[in-house]
Amino acid sequence: MVASGVPELVLWKKVHQQLVGQIEHRLMVLSTLRQEQLQDYLLSEADKTQLIAIRIVISNYLNNVSTGNKTLAKLDLQMAISVISDFMNAAVYDSKGHLVLETEENVFQPRIEEASINTVVQEIPNLQYPVETSNGWMYTLSRGIHKGQKLIGQLMVSVNATKLVSLVYDRTGLQETGELLVGIPDGPDKIRLLLPAMQKPNVIVLPYKGAMAKAINGESGILKERNYRGARVIAAYRPAGFLHWGLLAQMEIKEAYASVWSVRLVILVTFSALLFVGALASLGLAKAFTSPIIELGKAAFALGQGDMRTRVKKGSSCFHDEFSNLKDAFNGMAHRIASHQYILEHEVSERTSDLAHAHDGLAREVEERKRIELELEKAKDIAMAADRSKSEFLANMSHEIRTPLNAIINFTELCLDTQITQEQQEHLEYVQFAAQHLLRLITDILDFNKIAAGKLEMEEIQFSLYEQLEQSLSVLAARAWKSGLELCCDIHADVPDQLLGDPGRLLQIFVNLVGNGIKFTKKGEVIVSVTVNSKSADDVELLFAVKDSGLGIPQTKQSLLFQAFSQVDSSTQRLYGGTGLGLAISSKLAAAMGGRMWVESEGVEGLGSTFSFTGRFKLFPSNSSMNFLMFKGVRALVVDDNSTGLRILTDLLKSWNIIADGVMTTEAAKSALELGESSGHKYNVVLLDMWLGGVEALDLVEYIRARPDLLQKYASDAEVNTLYPVEPDSDLALPSAHCLSQQCSSKSTPDRLRYGPNLKVEIYTKDNVSSAIIMLTSVNHMESSRCKELGLPFHTSKPIRRSLLNRVLRSALGFEDKMSHDEGKTSKESKKLNKRLHVLIAEDNPVNQRVAIKLLHKWGHTTVLAVDGAEAVERSAKEEFDIILMDVQMPVCDGFEATAKIPGMDYYISKPLNAKKLQDLLQYVATSSLRVYSASPSHKNSMSMW
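Everything numeric in this text was worked out from a predicted model, so none of it was measured.

A closer look at the overall build of the protein chain
So, step 1. Each helix and strand counted, the protein chain has 27 helices and 31 strands in total.
So, step 2. Counting every position in the protein chain, which comprises 946 residues, the buried fraction comes to 45%.
So, step 3. Restricting to contacts in the protein chain with at least 6 residues of sequence separation, those with at least 24 account for 66%.
So, step 4. Here the protein chain displays about 48,700 Å² of accessible surface, and carbon together with sulfur accounts for 54% of that area.

Right under this line is the structure:
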């Protein structure tokens, strides 16, 4: 028995070792194949994303989003996604995390954290965990998009995870209890599963230990342990390539070693039988028992070496024993292993073939993209050349058109200054209006071309916001008056006056918006308002609004307003005219000032529209010359039938320390005057609109003249202190400035002081009470003449200009000493303005030469003519000039080249010449401290380019 039992034991050990080794080897082979399949799959997906990320159209668009062709970039992205079957959707984010491209809307987030973009490595994409959706398993791949070494964005792709799920959940070779797990490190003590466990889908997190931890740490091998269900398993583990993941192929030990246990059972039964039969059968059966086992061992060893065709031979079909069962089981196991091996090899071959086809398709697509990009680059060069030609054409045409316009406008103005008939004056005014309109059209077209070419330049100079707004309204005041409209300007008290910015462009916006308001308003008013939107120590953001009571704009048409060459409808263009460029240019100018422009309108006639825009300006220290302290204690009554104008003027006077009340009718004004007289608080001045309710305000003027005691002359606190000398230690109270009339109570001032010997209280009489009335007129000169006829010495036109109103108030209130001093100063300055200048005109066009000479001679200046830049340089070297007017485009030597040879260019004035601006420029030169030019290089002249 011992002799027969020893071979049985040896056979068991041998078979057990072979079978266990074979099972472990099979698991290692299976884990290796799955690891290679997983790595091939991920590398394939990574290569696909790389092919998309390096597309030149997308990279160029990301590099310059503001001017790039978004439609072309989106089409390029959609075409790239459509080629790859597994890729469902894609999106591109810029370096700040903003979504700039997407193949389908509302799939990706509009913004991602900027920090998450910087963590993406260029060579390795970032894979998010697969998620089971209604369309199946999906996951997201992210890859950085680079321009050279610079990260300019991130590509994010939504991928169909069906192939990945089938690869992980494929149980081929793992029998019933086996499964494949892919783990990803999630912190120092956790491992996150790529896909939930097959045996227990709610398990997605494992502790950082065991076989999976070894695989993540880069180790590979076989380990017996307890799995997440507590069952003992045999696990083959290995790292998942470049991703620092771990891959685990495991089976329950009881199933993996079932054949081993079957062999063990057979051997035990056989050994028991041998023990039972005894020694008599041991010799006869030894060979029968040992040879099949040895054959099985050899077959198992051959199978372990990779010979999948190895099988054990079956015995006689008549004699079927345990060895036959063992052989059948072994052959069945060998057959299943061979089948699984074949299936795996076939799937790997198919996947490799798919990848090859996809690679070839993408390669062809890349070549096609390169060809298209070359064609687009050529088309771009052609378009840029055409754009340059267009710009040069517009510049030349502008110069050619402005030359005859210069003659038309200025000779028309010269003719208007001569003795002509009323009919001739009317005709010439129509000519002047048409020429100015044509000039505005040319300016709009040039500005639009500059904006489209990105060549719009903004100045940053000091200017007065109040004067700029008042100037823009004064330009359009005549149009508003002819249309019967009230034009008002409401500047809030906290709005700063002195700013740094581009006043010319700001004036351009206001002239356009206010002009549109007047054009589309039949009756009512146009109100300009300015408020502070936000303010810091260095700059301020202002909110400008132009509100009218005109036609209104339907909401469905408002999107067309800021588009070039567009009108609300064609009938608007026929009725009111215009190119459709004004609002488009104004919107771009507002954007260049750091703001934006929008419109609010209910589309109902009478309710009108409100055009608003913001602009950011730097603050400049204010040195206002207006002294408002002198108005302290002044009482003023404002009479205006327009509620908006009344409110604005009243608020303005209050901001000047004036006690101001406002009424809208003649009867209300009479009541206010009588109330002031009875209460002892008489008004010092009345600001009266010339027309109240469509009727001339003569009735109220006559009423005041009939009762001059209703008003009281103003005396400042300084004058009162002079009239009432009081010792420093005295506790006696002095009367206030408005208590110099007989209505002041005797209780407020002691009798010995109330009427001192030095006090001479001036009262108004019927002869001089008119000086206390300031008439508010329109820009119509006939109304100014009407004021003189009525004997009203003080008047100012609406819309109100602050500086003019300040001077008129000072005169009406009797600040004569100060006014006399200012008049003397103005007289001295006027003498300076009358200085004759010696002017060199560098101009090649005969018409422009004639215009300039006529204007300068009319103003008393002497001129010398040069027909090109070279002659101008030569004459300036031989003769002294106060100023040189230099044309830009001239033959032989243009204005820029000539200016480079002559010291100093201080000013610029555009053509057609504006006579007022040219005269202002000459006056500035006449009063400035600039030296005239001489042949000595230490002196320089004043030069102006036109």
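With respect to the packing of aromatic side chains
So, step 1. Under the defined criterion, the tally for this structure stands at six aromatic pairs.
So, step 2. Ring geometry for Phe-463 versus Phe-617: centroids 6.2 Å apart, planes at 75 degrees, classification edge-to-face. One end of the pair, Phe-463, is in strand E13 (residues 461–464); the other, Phe-617, is in strand E19 (residues 609–619), and 154 residues separate them in sequence. In this structure, Phe-463 and Phe-617 share a single accessibility class: buried.

Quick look at helix H13 (residues 503–519)
So, step 1. Under the 1.5 Å per step criterion, the end-to-end length of H13 is 24 Å for 17 residues, consistent within 8% with the ideal 24 Å.
So, step 2. Where burial is concerned, most of H13 is hidden: 13 out of the 17 residues are buried.

Some remarks on the confidence of the model for the protein chain
So, step 1. Looking at the protein chain as a whole, its pLDDT mean stands at 80, while 83% of the residues score no less than 70.
So, step 2. Confidence drops under a pLDDT of 50 for residues 929–940, and excluding neighbours within four residues, the segment shows 28 contacts in the predicted structure.

Considering the environment of Gly-68
So, step 1. Position of Gly-68 among the secondary structure elements: in the loop between helix H2 (56–63) and helix H3 (70–83).
So, step 2. Distance from Gly-68 to Ile-58, taken between C-alpha atoms, is 9.5 Å for residues 10 residues apart in sequence.

Thoughts on the UniProt feature "modified residue: 4-aspartylphosphate" (unreviewed entry) in the protein chain
So, step 1. Residues annotated by UniProt as "modified residue: 4-aspartylphosphate" (unreviewed entry) correspond here to Asp-689 and Asp-887.
So, step 2. One can find Asp-689 in strand E22 (residues 685–689).
So, step 3. By relative accessible area, Asp-689 is classed as buried at 6%.
So, step 4. For Asp-689, the contacting residues outside a window of four places in its chain are Val-639, Asp-640, Asp-641, Ala-697, Met-775, Leu-776 and Lys-798.
So, step 5. Here Asp-887 is to be found in the loop between strand E29 (883–886) and helix H26 (895–901).
So, step 6. Asp-887 gets classed as buried once you look at its relative accessible area, which sits at 1%.

Here we look at the sheet that holds strand E7 (residues 179–185)
So, step 1. Taken together, six strands build an open sheet; the order of strands is E9-E8-E7-E12-E11-E10 and the sheet is antiparallel. The two strands at the open ends of the sheet, each matched to only one other strand, are strand E9 (205–207) and strand E10 (221–226). The mean angle between the axes of side-by-side strands here comes to 35 degrees, regardless of whether they run parallel or antiparallel.
So, step 2. Here six bridges tie E10 to strand E11 (residues 232–239), and the two strands are oriented antiparallel to one another. Bridge pairing in E11 places Glu-225 opposite Val-233.

Quick notes on the nonpolar core
So, step 1. Counting 76 residues, the largest nonpolar core has Ile-52, Val-92, Leu-155, Trp-245 and Phe-330 as the members making the most contacts within it.
So, step 2. Among the elements that line this core, the one with the most residues is helix H1 (residues 2–53), at 14 residues.
So, step 3. Setting aside residues no more than four positions away along its own chain, Val-92 makes contact with Ile-58, Leu-62, Leu-77, His-98, Leu-99, Val-100, Leu-101, Ile-145, Gln-154 and Leu-155.
So, step 4. If you look at the next biggest cluster of nonpolar residues, it comprises 40 residues, including Ile-451, Val-530, Val-546 and Leu-581.

Quick notes on the sheet that holds strand E26 (residues 794–797)
So, step 1. In spatial order, the strands read E21-E20-E22-E25-E26; together these five strands make up an open sheet with parallel pairing. At either end of the open sheet lies a strand with only one pairing partner, and these are strand E21 (659–663) and E26. This sheet shows a mean twist of 20 degrees between the axes of neighbouring strands, independent of strand direction.
So, step 2. Where strand E20 (residues 635–639) and E22 come together, four bridges link them in parallel fashion. Within the sheet, the bridge partner assigned to Val-638 lies in E22 and is Leu-687.
So, step 3. Each of E22, strand E25 (773–777) and E26 is contacted by helix H22 (residues 802–813), which is oriented at about 170 degrees to E26, the strand it contacts most.

Let's talk about the pattern of salt bridges
So, step 1. This structure, assessed with the given rule, holds 31 salt bridges.
So, step 2. Here Asp-86 and Lys-163 are joined by a salt bridge, their closest N and O atoms 3.6 Å apart. Taken together, the residues span a long stretch of sequence, with Asp-86 in the loop between H3 and strand E1 (87–94) and Lys-163 in helix H5 (residues 162–169) at a distance of 77 residues.
So, step 3. On the accessibility criterion, Lys-163 (31% relative accessible area) is partly exposed.
So, step 4. With a shortest N-O distance of 2.5 Å, Arg-371 and Glu-375 are connected by a salt bridge. Placement of both Arg-371 and Glu-375 in helix H10 (residues 322–416) is noted, with a separation of four residues, approximately one turn of the helix.
So, step 5. For Arg-371, a relative accessible area of 38% translates into the label partly exposed.

What about the state of the cysteines?
So, step 1. All chains considered together, the criterion is met by zero disulfides.
So, step 2. Cysteine Cys-488 remains unbridged, with the sulfur of Cys-489 as its closest cysteine sulfur at 8.9 Å.
So, step 3. For Cys-488, a relative accessible area of 5% puts it in the buried group.

Observations regarding the environment of Asn-135
So, step 1. With respect to the helices and strands, Asn-135 occurs in the loop between strand E4 (131–133) and strand E5 (136–147).
So, step 2. Take Asn-135: its relative accessible area is 65%, and that puts it in the exposed class.
So, step 3. As a C-alpha pair, Asn-135 and Asn-160 span 25 residues in sequence and 8.7 Å in three-dimensional space.

Comments concerning the environment of Asp-844
So, step 1. Note on placement: Asp-844 falls in the loop between strand E27 (838–842) and helix H24 (846–858).
So, step 2. Distance from Asp-844 to Val-888, taken between C-alpha atoms, is 10.0 Å for residues 44 residues apart in sequence.
So, step 3. Contacts of Asp-844, omitting those with residues within four sequence positions, involve Gln-849, Val-867, Asp-887, Gln-889, Met-890 and Pro-891.

Brief notes about unusual backbone geometry
So, step 1. Residue Pro-799 is reached from Lys-798 by a cis peptide bond, and omega for that bond is 0 degrees.
So, step 2. Relative to the helices and strands, Pro-799 resides in the loop between E26 and H22.
So, step 3. Phi angles above zero are rare outside glycine, and Gln-175 is one such case at about 55 degrees.
So, step 4. The residue Gln-175 is located in the loop between H5 and E7 in this model.
So, step 5. Residue class for Gln-175 comes out partly exposed when judged on its relative accessible area of 32%.
So, step 6. The backbone of Asn-657 shows a phi angle near 70 degrees, a positive value even though the residue is not glycine.
So, step 7. Along the chain, Asn-657 falls in the loop between helix H16 (643–655) and E21.

Some words on the packing of H13 against helix H15 (residues 582–592)
Between two packed helices, what matters for the description is the angle formed by their axes and the separation of those axes.
So, step 1. Two numbers describe how H13 lies on H15: the axes approach to 10 Å, and their chain directions differ by 140 degrees. Relative to H15, the crossing made by H13 is left-handed. Residue-level inspection shows Arg-505, Gln-508, Ile-509, Asn-512, Leu-513 and Asn-516 of H13 in contact with H15, the latter providing Gly-582, Leu-583, Ile-585, Ser-586, Leu-589 and Ala-590.
So, step 2. Split by residue class, the contact of H13 with H15 holds six nonpolar, five polar and one charged.

Looking at the pairing of E20
So, step 1. The element E20 is largely enclosed, with a buried count of five among its five residues.
So, step 2. Residue alternation in E20 divides its side chains into two sets, Arg-635, Leu-637 and Val-639 and Ala-636 and Val-638, and both sets are buried.
So, step 3. Two elements, E20 and E21, share five bridges in a ladder whose sense is parallel. Along E21, the bridge assignment pairs Val-639 with Val-663.
So, step 4. With H16 bridging E20 and the parallel E21, this β-α-β connection has right-handed handedness.

Some remarks on the side chain of Gln-468
So, step 1. In this fold, Gln-468 is placed in helix H12 (residues 465–482).
So, step 2. A residue is classified by how much of its surface remains accessible, and Gln-468, at 11% relative accessible area, is buried.
So, step 3. In this view, Gln-468 contacts Phe-463, Pro-503, Gly-504 and Leu-507; residues no more than four positions away in its chain are not counted.

Let's talk about the packing of H12 against H13
So, step 1. Interhelical geometry of H12 versus H13 gives an angle of 35 degrees and a closest axis separation of 9 Å. For the pair H12 and H13, the sense of crossing is right-handed. Note on element contacts: H13 touches H12 through Pro-503, Gly-504, Leu-506, Leu-507, Phe-510, Val-511, Val-514, Gly-515, Ile-518 and Lys-519, opposite Leu-465, Gln-468, Leu-469, Gln-471, Ser-472, Leu-473, Leu-476, Arg-479 and Ala-480.
So, step 2. Among the residues making up the contact of H12 with H13, the classes are represented as 12 nonpolar, five polar and two charged.

Criteria and thresholds
Residues numbered from 1 in each chain as written. Predicted model: local features only at pLDDT ≥ 70, side-chain atom pairs only at ≥ 80, totals over all residues. Heavy atoms only, no water. Helix = DSSP H or I, 4+ residues; strand = E, 2+ residues; numbered from the N terminus. Buried < 20%, exposed > 50% of the residue type's maximum accessible area, 1.4 Å probe, protein only. Contact = heavy atoms within 4.5 Å. Areas by Shrake-Rupley, 256 points an atom, 1.4 Å probe, with all protein chains shown as cover. Phe/Tyr/Trp six-rings, centres within 6.5 Å; stacked < 30°, edge-to-face > 60°. Expected span 1.5 Å × (residues − 1). pLDDT = per-residue confidence, 0-100. UniProt positions renumbered as here; feature names shortened; annotations may be inferred. Pairing = 2+ DSSP bridges. Axes fitted to C-alpha atoms, helices over the stretch in contact; angles between N-to-C directions. Core = buried A, V, L, I, M, F, W, Y, C linked by side-chain atoms within 4.5 Å. Salt bridge = Lys/Arg side-chain N within 4 Å of Asp/Glu carboxyl O. Disulfide = S-S within 2.5 Å. Left-handed = near helix turned anticlockwise from the far one by under 90°. Nonpolar A, V, L, I, M, F, W, Y, C, P; charged D, E, K, R; others polar. Right-handed = clockwise from strand over helix to strand, strands pointing away.

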